[in-house]
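Chain by chain, the residues run as shown.
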Amino acid sequence: LPLCGDSQLCIKDLRFEEVPVRIYIPRVPSAGNRRGVIFFHGGCGMFGSIRSYERICRNIARKADSVVVSVGYRLSPEYRYPAQTLDCLTATEHFLKTAGNYGVDPARIIVCGDSAGGTFAATVCQELVERRDIPKIRAQVLIYPFLQALNFNLPSHQQNAFTAFLSRERTVRFLLKYLNKDCSMKEAVLAGSHVPESMSLKYRKWINPDLIPEIFKLGYKPPLPSSFLPEVHEETKELLKTRLSPLIAEDAVVCRLPDTCLITCQHDVLRDDGLLYKKRLEDNNVKVNWYHMDDGFH
C-alpha cells in the first residue's frame, strides 16, 4: 500500500542513518511515553517491503497504542548478505538512542518480526546483549522464525515437506538464493552434508528431534546418515554462523536475552525451530510466552 492518511495515526517516512523506515505514531495524546515496536518484515531477505506490511504495522500501532517503526532493509540479491542484518541492527540502535524524540520510553522497546524478520529480530537481540551504551531491548516477538540451518530433517520438516507456500525444498532453495549460492547444492544441504560431524555432535544438545515434544513427532522417521561434503561446507559456511542460525548461540548469550514471545504454526516446516528455541530460552531462565496455532501454516 502507498503511504496515505490515517485518522488514528501519524505516519512518516524517515531514514535512520541510511536505512529507510516508516514510523506510525498514535494521534491520541498519551499521559506518558509510549511503548515502541521495531518491526522487521518477512520474505526470506529477498521479498517484502514496508509497503507490503502496511496494514499489519498500522494494526499493531492502533491495537497496542504503541509507536511502530517498520524497517525497510535492503534486499538480496541486489544487496548481498549480511546487508539485511546490518540494516536491522542500524535501525534498532538508532531508535533505541533517539526513542524520546518520538514519545517512546526507551526502556519499553521490543523487536518483532515474522519468518526471516523473526530471524533478524533474534539476531539483533543476540548481537546487542553486550552493548552498554544503548538501552536494553525489553522483549522480542518471534513469529514463526527461521532459526537454524544445520538440520532440515526435524519432524516439522518431514511432516510439512510439501506444504503449500513454504515447502522443505523451497526453504533451502530460498536460503541459497538469499546467500547468492549455487542452488545445485540444495540436495546436499537438505541431507545435512554441509555440516561437519564435529559440529553435528557439538550442537546435537540443542538441535535434536529428541528435544521435540512427542505430540509433534507423529510419523517421524530418523533420516539415514549422510556423507560430509567439504566442498559444500566451504561454500555454505554462513549457514552455520549465529547470524543465520541464532539457535546455536552459546549459553552465555542466550541467558542474557530479553523476555520472548514465540509464535509457531502446526503446518510449518519452521515449527520445530521455534520449539527448540523455546526450550533453549527456558533452559537459560529467559521468560517465554508461547502461542501455538494448531490450524496455522507459514
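Fair warning: this is a prediction, and the values are worked out from it, not measured in the lab. (Residues numbered from 1 in each chain as written. Predicted model: local features only at pLDDT ≥ 70, side-chain atom pairs only at ≥ 80, totals over all residues. Heavy atoms only, no water.)

K.L.:
Explanation requested: the side chain of Thr-260 in the structure shown.
P.N.:
Counting through the fold element by element, Thr-260 comes out in strand β7 (residues 259–267). Side chain to side chain, Thr-260 and Gln-140 meet in a polar contact 2.9 Å long. Thr-260 has contacts with Gln-140, Leu-142, Leu-281, Val-286, Lys-287, Val-288 and Asn-289, leaving out every residue within four places of it along the chain. (Helix = DSSP H or I, 4+ residues; strand = E, 2+ residues; numbered from the N terminus. Polar contact = N/O pair within 3.5 Å; in protein donor to acceptor, adjacent residues only side chain to side chain. Contact = heavy atoms within 4.5 Å.)

K.L.:
Would you explain the nonpolar core in this entry?
P.N.:
Across soluble globular proteins, you tend to see nonpolar side chains buried next to one another. Phe-40, Val-71, Phe-95, Phe-152, Leu-239, Tyr-277 and Leu-281 are the most contacted members of the largest nonpolar core, which has 75 residues in total. No other element matches helix α3 (residues 116–127), which puts 6 residues into this core. Apart from the residues lying within four places of it in its own chain, the contact partners of Tyr-277 are Ala-122, Gln-126, Gln-140, Leu-142, Leu-147, Pro-246, Leu-247, Leu-257 and Leu-262. Leu-9, Tyr-24, Ile-50 and Cys-57 belong to the second largest nonpolar core, which has 16 residues in total. (Core = buried A, V, L, I, M, F, W, Y, C linked by side-chain atoms within 4.5 Å. Buried < 20%, exposed > 50% of the residue type's maximum accessible area, 1.4 Å probe, protein only.)

K.L.:
Mind showing me how you'd approach the environment of Val-68 here?
P.N.:
Mapped onto the fold, Val-68 is located in strand β4 (residues 67–71). Val-68 sits 44 residues away from Tyr-24 along the chain, and the two C-alpha atoms are 5.1 Å apart. Setting aside residues up to four positions removed in sequence, Val-68 forms contacts with Arg-22, Ile-23, Tyr-24, Val-37, Phe-39, Cys-57, Ile-60 and Ala-61.

K.L.:
What is the right way to look at the packing of helix α2 (residues 83–98) against α3 in this model?
P.N.:
Pairs of packed helices are described in terms of their axes, by the angle between the two and the distance that separates them. Between α2 and α3, the least distance of the axes is 10 Å, while the angle of their chain directions is 60°. Comparing their axes, α3 and α2 come out oblique. In this structure, the crossing between α2 and α3 has a hand that is right-handed. In this structure, α2 contributes Gln-84, Thr-85, Cys-88, Leu-89 and Thr-92 to the contact, and α3 contributes Phe-120, Thr-123, Val-124 and Glu-127. When the residues that make up the contact of α2 with α3 are grouped by side-chain class, the tally is 4 nonpolar, 4 polar and 1 charged. (Axes fitted to C-alpha atoms, helices over the stretch in contact; angles between N-to-C directions. Parallel < 35°, antiparallel > 145°, perpendicular 65-115°, else oblique. Left-handed = near helix turned anticlockwise from the far one by under 90°. Nonpolar A, V, L, I, M, F, W, Y, C, P; charged D, E, K, R; others polar.)

K.L.:
How do you make sense of the pattern of salt bridges when you look at a structure like this?
P.N.:
Opposite charge on two side chains lets them pair, provided their charged atoms get close. Scanning the entire structure with this criterion turns up 24 salt bridges. A salt bridge links Arg-62 to Asp-6; the nearest nitrogen and oxygen atoms lie 2.4 Å apart. With Arg-62 in helix α1 (residues 54–64) and Asp-6 in the segment before β1 (9–16), this residue pair connects regions lying 56 residues apart in the sequence. Assessed through its relative accessible area of 31%, Arg-62 is described here as partly exposed. Its salt-bridge partner being Arg-243, residue Glu-127 comes within 2.6 Å of it at the nearest N-O pair. Placement of Glu-127 in helix α3 and of Arg-243 in the loop between α8 (230–235) and α9 (251–254) is noted, with a sequence separation of 116 residues between them. We classify Glu-127 as partly exposed; its relative accessible area is 31%. Salt bridges sharing common partners tie together Asp-6, Asp-13, Arg-22, Glu-54, Arg-58 and Arg-62. (Salt bridge = Lys/Arg side-chain N within 4 Å of Asp/Glu carboxyl O.)

K.L.:
Is there a simple way to explain α1 in this structure?
P.N.:
Working note: α-helix, 3.6 residues per turn, so residues spaced by three or four point in the same direction. Looking at α1, one finds that the buried residues are Glu-54, Cys-57, Arg-58 and Ala-61. Taken down its axis, α1 places every buried residue within 100° of arc, on the same side. Along α1, exposed side chains directed more than 90 degrees from the buried face belong to Arg-55 and Lys-63. On its buried face, α1 is in contact with β1, β2 (19–26), β3 (34–40) and β4. Phi turns positive, to about 50°, at Asp-65, one or two residues after α1. (Arc of directions from axis to C-beta.)

K.L.:
How should I be thinking about helix α5 (residues 168–178) in this particular structure?
P.N.:
What α5 keeps buried is the set Arg-168, Thr-171, Val-172, Phe-174, Leu-175, Leu-176 and Tyr-178. Along its buried surface, α5 packs onto α2, α3, α4 (155–159) and α6 (186–191). With its phi angle positive at about 60°, Asn-180 sits one or two positions after the end of α5.

K.L.:
How should I be thinking about the domain arrangement of the protein in this particular structure?
P.N.:
Quoted interface sizes are often the accessible area lost when the parts come together. Assigned domains within the protein: domain 1 (9–143) and domain 2 (155–240). A C-alpha centroid distance of 29 Å is found between domain 1 and domain 2. With 10 residues of domain 1 in contact, the opposing surface of domain 2 contributes 6 residues. Both sides of the domain 1 and domain 2 interface together cover about 760 Å² of buried area, and 63% of this is carbon and sulfur. Between domain 1 and domain 2 we count 0 salt bridges in total. Across the contact surface, domain 1 and domain 2 share 2 residue pairs in polar contact (both at pLDDT 80 or more). Of the residues belonging to the side of domain 1 that touches domain 2, the class tally is 6 nonpolar, 3 polar and 1 charged. (Domains from an automatic or database assignment. Buried area = accessible area lost by both parts, 1.4 Å probe.)

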